[in-house]
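Spelled out, the chains give:
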Amino acid sequence: MEDLDQKRIYNQFASDNYAGICPEAWQAMQAANAGFASSYGDDLWTERACEQLRHVFETDCQVFFVFNGTAANSLALASLCRSYHSVICHELAHVETDECGAPEFFSNGTKLLHVDGPGGKFDLAEVERAITRRSDIHYPRPKVLSLTQTTEVGTVYTPDEIAAASALARRHGLRVHMDGARFANAVVSLDVAPAEITWRAGVDVLCLGGAKNGMAVGEAVVFFDRELAYEFDYRCKQAGQLASKMRFISAPWIGMLENCAWLKNARHANDCASLLEQQLAGIDGVRLMYPRQANSVFVEMPEAVAAALRAAGWRFYSFIGSGGARFMCSWQTTEHDVLQLSEAVRLAVSGTSGGDA
Ligand SMILES: *Cc1c(COP(=O)(O)O)cnc(C)c1O
C-alpha cells in the first residue's frame, strides 16, 4: 500500500471528513477488539457509550448509533412525522440540499418546507409564516422544526435563539430536531453545557456527529423525549443501520467522551479556523462571507484567485455566490497548514491582481 501513501492529500481544507481517525477513537476501537462480544449493540461498550452520553447531556436520554448523518437525520425525522406531515428547515439545511431525498424517503413522503434566513439561521418570522401559511387539508401539515447546529455556513445558534425557535415550534404543536453533525464545535464556541443548547432549550432529538469530530464512522441519535424513540430500533434495522459489530461504532464514543476528546478536537478545529480568519481578513480582495463562529471560514474572492489556489493543489469547496469558498478545519488541521494556506492565498492574490476585476 506504499503507492497509496504517496497519493496522500496534504493541501486540503475541503472538509472535516477528509481527516483521519483521532487517537482517542482509534485506541478505543482497538480496546474493543479483544476477543468476542455480543452483537447488534447488546454489548458492554455500547452500554457504556450510552451511559456516557446520558452523563454528558445530564438527562436520561435514549441513544442509538447509526452509520452516518444522513441516516441519523432521516430516521429521526421519520420517527417524528407521519407521511402527510412536513418538516420546516432552512433552505441551506443538509437535510434539504445534501441527503438525496432520504428524509422524504424514510418518512414515506413527508415534505421538507424550506425557509430563508441570514447567516444560515432561521428568521423566526419566516418560520411562523411557513407554519401558519395554510391549515387546510390540501397542504402537508407542519410537524417538525429542524435546526442545524453548527449551521451549514459555520454560524452558531445561541441558547436563546434555540429556545425561541423551540417555543415557536411548541406553540404550533411542532417537535424540534437538531442536526448536530458539528454539534461539538458549537458547544465549544458557545462555552455552554450540551444540555443548554438541546433539551433545556426545547430540542426533542439530536443527531450528534461523530465522523467529522474525529471518529471513523458513526453518529448518535439522542432522544430527549424517550416516547419519540418508540420502535426506533426497528427503523434502524429496516434501514440497514443496525451494525452487527456495534461495539466498533460505540467504543470510539467512549474514547471521545471519556476525557472530553470530542471537545478538545472541536476546540482545536475552531481555533484553527479563527487563526485562518485573522490571516485572511487582511488580504485585499478577500471578503469574509459569514461571521466565523466555529471551524469553517467562508470567503468571497476573485475567481482567478480560487483557480490559482486549485492549480497550486489546494482543495476546498465552492458554493454560494461567485468565487465563494469554504475552508473547513478539523482536529487534524495544524497551525502550519493554516499559515501555508494563508500564504498561498496572498500569493494567488498578488499573482492575479489586475487580471480579475
Ligand atoms: C456532514 C453533515 C451531515 C452528515 O452527512 P453524512 O455524509 O450522511 O454523514 C449532516 N448534516 C450536516 C450539516 C453535515 O455537514
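Quantities reported herein were computed from a predicted structural model and do not represent experimental measurements. (Residues numbered from 1 in each chain as written. Predicted model: local features only at pLDDT ≥ 70, side-chain atom pairs only at ≥ 80, totals over all residues. Heavy atoms only, no water.)

S.K.: Go over the pattern of salt bridges with me, naming the residues and quoting the values.
M.R.: All told, the structure shown has 16 salt bridges when counted by the stated rule. Asp 60 is the partner of Arg 226 in a salt bridge, and the nearest nitrogen-oxygen pair spans 3.4 Å. Taken as a pair, Arg 226 in the loop between strand E7 (219-223) and helix H10 (232-238) and Asp 60 in the loop between helix H3 (44-57) and strand E1 (62-66) lie far apart in primary sequence, 166 residues in all. Note on Arg 226: relative accessible area 34%, which makes it partly exposed. Between Glu 300 and Arg 287 there is a salt bridge, and its shortest N-O distance comes to 3.0 Å. With Glu 300 in strand E9 (residues 296-300) and Arg 287 in strand E8 (residues 287-288), this pair connects stretches of sequence that are 13 residues apart. (Salt bridge = Lys/Arg side-chain N within 4 Å of Asp/Glu carboxyl O. Helix = DSSP H or I, 4+ residues; strand = E, 2+ residues; numbered from the N terminus. Buried < 20%, exposed > 50% of the residue type's maximum accessible area, 1.4 Å probe, protein only.)

S.K.: So what's going on with the domain arrangement of the protein chain? Residues and values would help.
M.R.: Segmenting the protein chain into domains produces domain 1 (4-18 + 262-353) and domain 2 (23-258). Taken together, the contact between domain 1 and domain 2 spans 22 residues of the former and 24 residues of the latter. When the two sides are added together, the surface that domain 1 and domain 2 hide from each other amounts to roughly 2000 Å², 58% of it contributed by carbon and sulfur. Looking at the side of domain 1 facing domain 2, the largest losses of area belong to Asp 16, Trp 262 and Gln 293, adding up to 37% of the total buried there. Summed over the shared surface of domain 1 and domain 2, the number is two salt bridges. Residue Lys 264 pairs with Glu 24 through a salt bridge whose shortest N-O separation is 2.5 Å. Between the two partners, domain 1 and domain 2, sit eight residue pairs in polar contact (both at pLDDT 80 or more). Where the side of domain 1 that touches domain 2 is concerned, the elements lending two or more residues are helix H12 (261-281), E9 and strand E11 (324-328). For the side of domain 1 that touches domain 2, the element with the most residues is H12, which contributes eight residues. (Domains from an automatic or database assignment. Contact = heavy atoms within 4.5 Å. Buried area = accessible area lost by both parts, 1.4 Å probe. Polar contact = N/O pair within 3.5 Å; in protein donor to acceptor, adjacent residues only side chain to side chain.)

S.K.: Hey, could you go over the site of the ligand for me, with residue numbers and the actual values?
M.R.: If you check the shell around the ligand, you find Asn 68, Gly 69, Thr 70, Asn 73, His 94, Glu 99, Thr 148, Glu 152, Asp 179, Ala 181, Arg 182 and Lys 212 and nothing else. Arg 182 places a polar side-chain atom, nitrogen or oxygen, 3.2 Å from an oxygen atom of the ligand. At 2.6 Å from an oxygen atom of the ligand is found a side-chain nitrogen or oxygen belonging to Lys 212. Relative to its unbound accessible surface of 390 Å², the ligand loses 81% to contact with the protein. (Near = heavy atom within 4 Å. Areas by Shrake-Rupley, 256 points an atom, 1.4 Å probe, with all protein chains shown as cover.)

S.K.: Mind laying out a nonpolar patch on the surface, listing which residues take part and the relevant values?
M.R.: On the surface, Ile 9, Tyr 18, Tyr 317 and Phe 319 cluster together to form a nonpolar patch covering roughly 340 Å² of accessible area. Examined against the element boundaries, Tyr 18 turns out to sit in the loop between helix H1 (2-6) and helix H2 (23-31). (Patch = residues over 30% accessible without salt bridge, like charges linked within 9 Å, V, L, I, M, F, W, Y side chains within 5 Å.)

S.K.: Tell me about the packing of aromatic side chains, residues and numbers included.
M.R.: A full pass over the atoms with the stated rule returns eleven aromatic pairs. For the ring pair Phe 57 and Phe 183, a centre distance of 5.9 Å and an interplane angle of 40 degrees mean the geometry is tilted. Taken as a pair, Phe 57 in helix H3 and Phe 183 in helix H9 (residues 183-190) lie far apart in primary sequence, 126 residues in all. One exposure class covers both Phe 57 and Phe 183, and it is buried. Considering the side-chain rings of Phe 65 and Trp 253, the 6.2 Å spacing of their centres and the 35 degrees angle between planes classify their relative orientation as tilted. Here Trp 253 lies in helix H11 (residues 247-258) and Phe 65 lies in strand E1, a separation of 188 residues in the sequence. Across the pair, Trp 253 and Phe 65 agree in class, each one buried. (Phe/Tyr/Trp six-rings, centres within 6.5 Å; stacked < 30°, edge-to-face > 60°.)

S.K.: Describe the nonpolar core, and please don't skip the residues or the numbers.
M.R.: Formed by 53 residues in total, the largest nonpolar core has its most connected members in Phe 57, Phe 65, Ile 88, Phe 183, Leu 208 and Trp 262. For this core, the two domains that each supply at least three residues are domain 1 (4-18 + 262-353) and domain 2 (23-258). One finds Ile 283, Val 286, Met 301 and Phe 316 within the second-largest nonpolar core, a separate group that totals 26 residues. (Core = buried A, V, L, I, M, F, W, Y, C linked by side-chain atoms within 4.5 Å.)

S.K.: An account of helix H8 (residues 159-171) is requested, with residue identities and associated values reported.
M.R.: For H8, with 13 residues, the first-to-last C-alpha span of 18 Å sits near the 18 Å given by 1.5 Å per residue. Within the span of H8, buried status applies to Ile 162, Ala 165, Ser 166, Leu 168 and Ala 169. For H8, the angular spread of buried residues about the axis comes to 160 degrees, placing them on one side. Turned more than 90 degrees away from the buried face of H8, the exposed residues are Asp 160 and Arg 171. As for H8, its buried residues are in contact with helix H7 (124-132), strand E4 (141-148) and strand E5 (175-180). Trailing H8 by a residue or two, Gly 173 shows a phi angle of about 80 degrees, which is positive. (Expected span 1.5 Å × (residues − 1). Arc of directions from axis to C-beta.)

S.K.: Go over the environment of Val 305, please, and point to the residues and values.
M.R.: Here Val 305 shows up in helix H13 (residues 303-311). Separated by 43 residues in sequence, Val 305 and Ala 348 place their C-alpha atoms 5.3 Å apart. What Val 305 contacts, discounting residues up to four positions off in sequence, is Ala 348, Val 349 and Thr 352.

S.K.: Please set out the environment of Val 127 residue by residue, giving values where relevant.
M.R.: Structurally, Val 127 can be placed in helix H7. On the basis of relative accessible area, Val 127 is assigned to the buried category, the value being 0%. Put simply, Val 127 and Arg 170 are 43 residues apart on the chain and 12 Å apart in space, counted from C-alpha to C-alpha.

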